[in-house]
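Chains, contacts and geometry: an overview
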Amino acid sequence: MRAVTWQGKRDVRVENVPDPTIQEPTDAVIRITSSGLCGSDLHLYEVLTPFMTPGDILGHEPMGIVEEVGAGVPDLQVGDRVVVPFQIACGSCWMCLTGLPTQCETTQVQGEGMGAALFGYTRLYGAVPGAQAEYLRVPQAQFGPIKVPEGPSDDRFVYLSDVLPTAWQAVAYAGVPQGGSVAVLGLGPIGDMACRVAQVQGAGRVFGVDLVPERLRRAKARGVETFDLRSFDDEKELVEAIRDQTDGRGPDAVIDAVGTEAHGSAAARMVQNAAAILPRKIGGPIAERFSIDRLAALYTAIDLVRRGGTISLSGVYGGMADPMPLLTLFDKQIQLRMGQANVRRWTDEIIPYLTDEDPLGVDDFATHRVPLSEAPHAYEMFQRKQDGAVKVLMQP
């Protein structure tokens, strides 16, 4: 089959690889009909290269048609249309039953000290072949795949794999009171969708911050009060502008949907780049023990949120030596929640919104649809924020 493979920093290629097969009774194999390109994939493209191996298959946002089913998967049949969550979880361990499938005790990557295995996401998360491919082996298929009806296009449901539950959890963790205010830093796919989720859940005011004109226009068209970071001399001016809209206090909650690739700290970028270009045997240990993030977005969130407010982190951070302003966090009594989205924890709440009325705007959420063969161009375009790229779907 054809699949998108990682070969080095900013080097992805579409190659022929072996077809996946059933390896365990709880496996299924699906034929991919759509697979998303995620902002998290850009971390592999740019920052997390010390944890990658040439030939790794990328991607973690798939949906498709069931082709084969293992004997231990009673609720799936060949021909079922399914969305596959980005994390691999059993559904029956203590963590899964507590609503934390990202910490699944069956699939935890214990050798790396990490949580549940993820599709297409470095050796830290199991080096499981990913979903930007023609076919995908799905472990723990007795729990993971979400059956969806025939009829609507893939766009209606594909975001159940990641974007929707990640945005939903970001808003849930933010704890925005009814009629309250929330600022979303970063209007890429997750930030954009988090704004929409906050609106349908009753937030009174939603502020969106970015520096890409197309993203700002897209959010503003849906009623988000947008702030162009380029219009301010520094983040302090931005913070004051939003405070002026919230009686001088700041919003009740801030969602950081940016993560480690925020602009800022030249020193942190230098460390990231150094680890990325060193040989993997050297760069990997350095990245694990001394990695540092560019924390511009998180520092802005801490400054911006009102006293007693909540910060929700959905942007990916990977640093082990990040300097945290604990004095400010403590003094402002800030609550901080974060983590990979627990997909199946939220999907039953989300599905009622995936109707023909389309309150979340999923049907036209994608800005680009490309064949799998154009994946290298899609990665470059998305990484450079060219051509208004916010969400890219690949169709094998």
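Residues numbered from 1 in each chain as written. Predicted model: local features only at pLDDT ≥ 70, side-chain atom pairs only at ≥ 80, totals over all residues. Heavy atoms only, no water.

**Let's talk about the confidence of the model for the protein chain**
For the protein chain, per-residue confidence averages 91 on the pLDDT scale, and residues scoring 70 or more make up 90% of the total. Below pLDDT 50 for its whole length, residues 262-278 participates in 35 contacts with residues either more than four positions away or in separate chains. (pLDDT = per-residue confidence, 0-100. Contact = heavy atoms within 4.5 Å.)

**Notes on the packing of aromatic side chains**
Within this structure, the stated rule accounts for five aromatic pairs. Ring centres 5.2 Å apart and planes at 75 degrees place the aromatic pair Tyr159 and Phe365 in the edge-to-face group. You can see Tyr159 sitting in the loop between strand E7 (146-147) and helix H3 (163-174) and its partner Phe365 sitting in the loop between helix H11 (343-350) and strand E14 (368-371), a full 206 residues away along the chain. If you follow Arg218 out to its NZ or CZ, it ends over the ring of Phe365, 4.7 Å from the centre. Directly above the ring of Tyr173 sits Arg337, whose terminal nitrogen or CZ lies 3.8 Å from the centroid. (Phe/Tyr/Trp six-rings, centres within 6.5 Å; stacked < 30°, edge-to-face > 60°. Helix = DSSP H or I, 4+ residues; strand = E, 2+ residues; numbered from the N terminus. Lys NZ or Arg CZ within 6 Å of the ring centre and 35° of its normal.)

**Notes on the side chain of Arg215**
Relative to the helices and strands, Arg215 resides in helix H5 (residues 213-220). In this structure, Arg215 is buried with no salt-bridge partner, the nearest side chain bearing the opposite charge being Asp210 at 4.3 Å. Those residues in contact with Arg215, other than ones at most four positions away along the chain, are Leu187, Gly188, Asp210, Phe382, Lys385, Ala389 and Val390. (Buried < 20%, exposed > 50% of the residue type's maximum accessible area, 1.4 Å probe, protein only. Lys, Arg positive; Asp, Glu negative; His and termini not counted. Salt bridge = Lys/Arg side-chain N within 4 Å of Asp/Glu carboxyl O.)

**A word on the sheet that holds strand E9 (residues 205-210)**
Judged by pairing direction, the sheet is parallel, and its six strands sit side by side in the order E10-E9-E8-E11-E12-E13 without closing on themselves. The open sheet is flanked by strand E10 (225-228) and strand E13 (335-338), the only strands paired with a single partner. Across the sheet, the mean angle separating the axes of adjacent strands is 20 degrees when strand polarity is ignored. Pairing geometry for strand E11 (residues 253-256) and strand E12 (residues 310-313), over four bridges, is parallel. Looking at the pairing, Asp256 lines up with Leu313 of E12. Packed on one face of the sheet, helix H9 (residues 296-304) meets strand E8 (181-185), E11 and E12 and runs near 165 degrees to E8. (Pairing = 2+ DSSP bridges. Axes fitted to C-alpha atoms, helices over the stretch in contact; angles between N-to-C directions.)

**Thoughts on the packing of helix H1 (residues 39-46) against helix H12 (residues 375-383)**
Relative orientation and spacing of two packed helices are given, respectively, by the angle between their axes and the distance between those axes. Running from amino to carboxyl end, H1 crosses H12 at an angle of 100 degrees, the nearest separation of the two axes being 10 Å. By the criterion of interaxial angle, the relationship of H1 to H12 is roughly perpendicular. Here Gly39, Asp41, Leu42, Tyr45 and Glu46 of H1 come into contact with H12, specifically with Tyr379, Glu380, Phe382 and Gln383. Classifying every residue of the contact of H1 with H12 gives four nonpolar, two polar and three charged. (Parallel < 35°, antiparallel > 145°, perpendicular 65-115°, else oblique. Nonpolar A, V, L, I, M, F, W, Y, C, P; charged D, E, K, R; others polar.)

**Digging into the packing of helix H6 (residues 235-244) against H9**
The contact between H6 and H9 brings their axes to 10 Å, and the two run at 35 degrees. Here H6 and H9 pass one another in a crossing that is right-handed. Packed against H6, whose contacting residues are Glu235, Lys236, Leu238, Val239, Ile242 and Arg243, the element H9 presents Thr300, Asp303 and Leu304 at the interface. (Left-handed = near helix turned anticlockwise from the far one by under 90°.)

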